[in-house]
Amino acid sequence: MADASENFNNLHYQINGYLEHNLDLENNGNLIKTRDSANDHHQHHRQVLRTAHNMSSSSLRKKSDLSLLSNVRVGIVRRTLRNINEVVFGTKLSVLFPAIPLAIIANCYHFGRPWIFALSLLGLTPLAERVSFLTEQISFYTGPTVGGLLNATCGNATELIIATFALSKRKIEVVKYSLVGSIISNLLLVLGTSLLCGGLANLKKNQKYDRKQADVNSQLLLLAFLCHLLPLMFRCSSAASASPDAAAFAILQLSRASSIIMLIGYIAYLFFQLKTHRKLFQAEEEEVVDGGDDTVLEEAVIGFWSGFIWLAGMTVLIALLSEYVVGTIEATSSSWGLSVSFISIILLPIVGNAAEHAGAVIFAFKNKLDISLGVALGSATQISMFVVPLTVILAWTLGIEMDLDFNLLETGCLGFSILITAFTLQDGTSHYMKGLVLMLCYVVIGACFFVLRAPFQPTNVINLGLMKFSSGEVIES
């Protein structure tokens, strides 16, 4: 009996050991598979380039409450409602979305043109932020390189679409005003506000930023300024005054050639940013607070095709509102008593890029100046090196003679903005005084275009010494 009992116990131990061994192997295998699956999921959803532009826009997003959608049993309805919740109500600027249908209604029922203009501008603000959100969502599926290219293309979609509609209506001056205004606004207003607010909020902290990214952007901005300056200098030269028609043709040819060179430089900049020196432009994420309203999304919340369809729809709405803005800008100028140059250079960039600007200021408050600088300088570089030359090339294909001669006053303000920004960022440190000076420069430029009334009425008489100029005729007094 004792031998039988001992044999039974040994058999019992062997069976238990065998089962435990197999269970461990199975658990380890499942654990390995789970880890592999998690790694695949991680690679699928986290492989995206977090640029300063993405991080700035993410600061205006808010978490969507999806608890009510769990009661919806129809799958396609639940997914549709979830997408609407994420895209429409997933931003702090969702309160401005009603301006879009109001602008359409105002246009259909022939309301006052200033109302259409104002409502269209307000509607463009959340649309620009949502385009940034959707390009980031698509980037989760396409990878960092394609996502970076998509962000580089759609980052300033509003300015490009407004310029396209203005070109189609032969409003070349509006195109030039709006583009140069966007660059000046990013360099002086956005950067100045960020440095000022960041400096006041962090008085006892040593504010530093990486100069490498700022140096690259400053060089590209100076290249863009050279391409604007040469046509202006050529027009003011003695050779141009001797033969105005030949000079105008030469300026046009020079502008088109310079635009091609600028596009080549921008392509090289994208290769530099997305491939060889990617770490310089990748925003830091480790200090983002989890659980807050400004938590950075770590994975896609909508599908690839859903994001693509929403992006196409947002682009259509931006195009529609941009058409309203371009079509009503002259009537708004007359009604409000403001010049077209002031509306295009000052008002359009402030309202159209309000979401991006607010994001830059928010990160400056958190002492993340690299992100704020990336937003301001990156957007200015993209407009000057991509949107402006692309507009010139587009006008060339449409048979429209648009050059890079943006007139003396506009070119002077652009060059000054680039130079003072480069000087401000040369030491790698910041304080509130730097931001204040940049903002005051923007106020002075805004005041200049506010008092400017161009074009003048032909009946105006201007006294100059002993001469009178009236309607283009010279009359001896």
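Residues numbered from 1 in each chain as written. Predicted model: local features only at pLDDT ≥ 70, side-chain atom pairs only at ≥ 80, totals over all residues. Heavy atoms only, no water.

Under an unreviewed UniProt entry, the name given to the protein is Vacuolar cation/proton exchanger, and the source organism is Papaver atlanticum. According to the UniProt record, the Sequence similarities (unreviewed entry) comment for the protein reads "Belongs to the Ca(2+):cation antiporter (CaCA) (TC 2.A.19) family. Cation/proton exchanger (CAX) subfamily." Recorded under Subcellular location (unreviewed entry), the UniProt text for the protein is reproduced unchanged: "Vacuole membrane". (UniProt positions renumbered as here; feature names shortened; annotations may be inferred.)

Visitor: Whenever I open this one, the pattern of salt bridges confuses me. Can you help?
Guide: Per the stated rule, a full pass over the model turns up seven salt bridges. Lys 212 is the partner of Asp 210 in a salt bridge, and the nearest nitrogen-oxygen pair spans 3.6 Å. Its relative accessible area of 27% is what places Asp 210 among the partly exposed residues. Among the salt bridges present, the one from Asp 215 reaches Arg 211, with a minimum N-O distance of 3.9 Å. (Salt bridge = Lys/Arg side-chain N within 4 Å of Asp/Glu carboxyl O. Buried < 20%, exposed > 50% of the residue type's maximum accessible area, 1.4 Å probe, protein only.)

Visitor: It is not clear to me how the UniProt feature "transmembrane region" (unreviewed entry) in the protein should be interpreted in this structure. Could you clarify?
Guide: In the UniProt entry, the feature "transmembrane region" (unreviewed entry) is given for residues 177–200, 220–240, 246–272, 302–322, 342–365, 377–400, 406–425 and 437–456. With 88% helix and 0% strand, the stretch residues 377–400 has end C-alpha atoms that lie 30 Å from each other. (Helix = DSSP H or I, 4+ residues; strand = E, 2+ residues; numbered from the N terminus.)

Visitor: Please clarify how the packing of helix α8 (residues 172–201) against helix α18 (residues 432–451) should be interpreted in this entry.
Guide: Helix-helix packing: each pair is described by the crossing angle between the helix axes and the interaxial distance. It is the contact of α8 with α18, at a shortest axis distance of 7 Å, that shows an interaxial angle of 145°. The handedness of the crossing between α8 and α18 is left-handed. Contact residues: α8 offers Ile 184, Ser 185, Leu 187, Leu 188, Leu 189, Leu 191, Gly 192, Thr 193, Leu 195, Leu 196, Gly 199 and Leu 200, while α18 offers Tyr 432, Lys 434, Gly 435, Leu 436, Leu 438, Met 439, Cys 441, Tyr 442 and Ile 445. Of the residues in the contact of α8 with α18, the class split is 15 nonpolar, five polar and one charged. (Axes fitted to C-alpha atoms, helices over the stretch in contact; angles between N-to-C directions. Left-handed = near helix turned anticlockwise from the far one by under 90°. Contact = heavy atoms within 4.5 Å. Nonpolar A, V, L, I, M, F, W, Y, C, P; charged D, E, K, R; others polar.)

Visitor: Got a minute to help me understand the nonpolar core in this structure?
Guide: Burial of nonpolar side chains together is a common tendency in soluble globular proteins. Among the nonpolar cores identified, the biggest contains 99 residues, and Leu 188, Leu 373 and Met 402 are the most heavily contacted of them. Discounting residues that sit within four places of it in the chain, Leu 188 has contacts with Thr 193, Ser 417, Ile 420, Thr 421, Leu 438, Met 439, Cys 441, Tyr 442 and Ile 445. (Core = buried A, V, L, I, M, F, W, Y, C linked by side-chain atoms within 4.5 Å.)

Visitor: Explanation requested: the packing of α8 against helix α15 (residues 354–365) in the structure shown.
Guide: Running from amino to carboxyl end, α8 crosses α15 at an angle of 30°, the nearest separation of the two axes being 7 Å. Taken together, the axis directions place α8 and α15 in an arrangement best described as roughly parallel. Where α8 crosses over α15, the two elements pack in a sense that is right-handed. Residue-level inspection shows Ser 185, Asn 186, Val 190, Thr 193, Ser 194, Cys 197, Gly 198 and Ala 201 of α8 in contact with α15, the latter providing Glu 356, His 357, Ala 360, Val 361, Ala 364 and Phe 365. Split by residue class, the contact of α8 with α15 holds seven nonpolar, six polar and one charged. (Parallel < 35°, antiparallel > 145°, perpendicular 65-115°, else oblique.)

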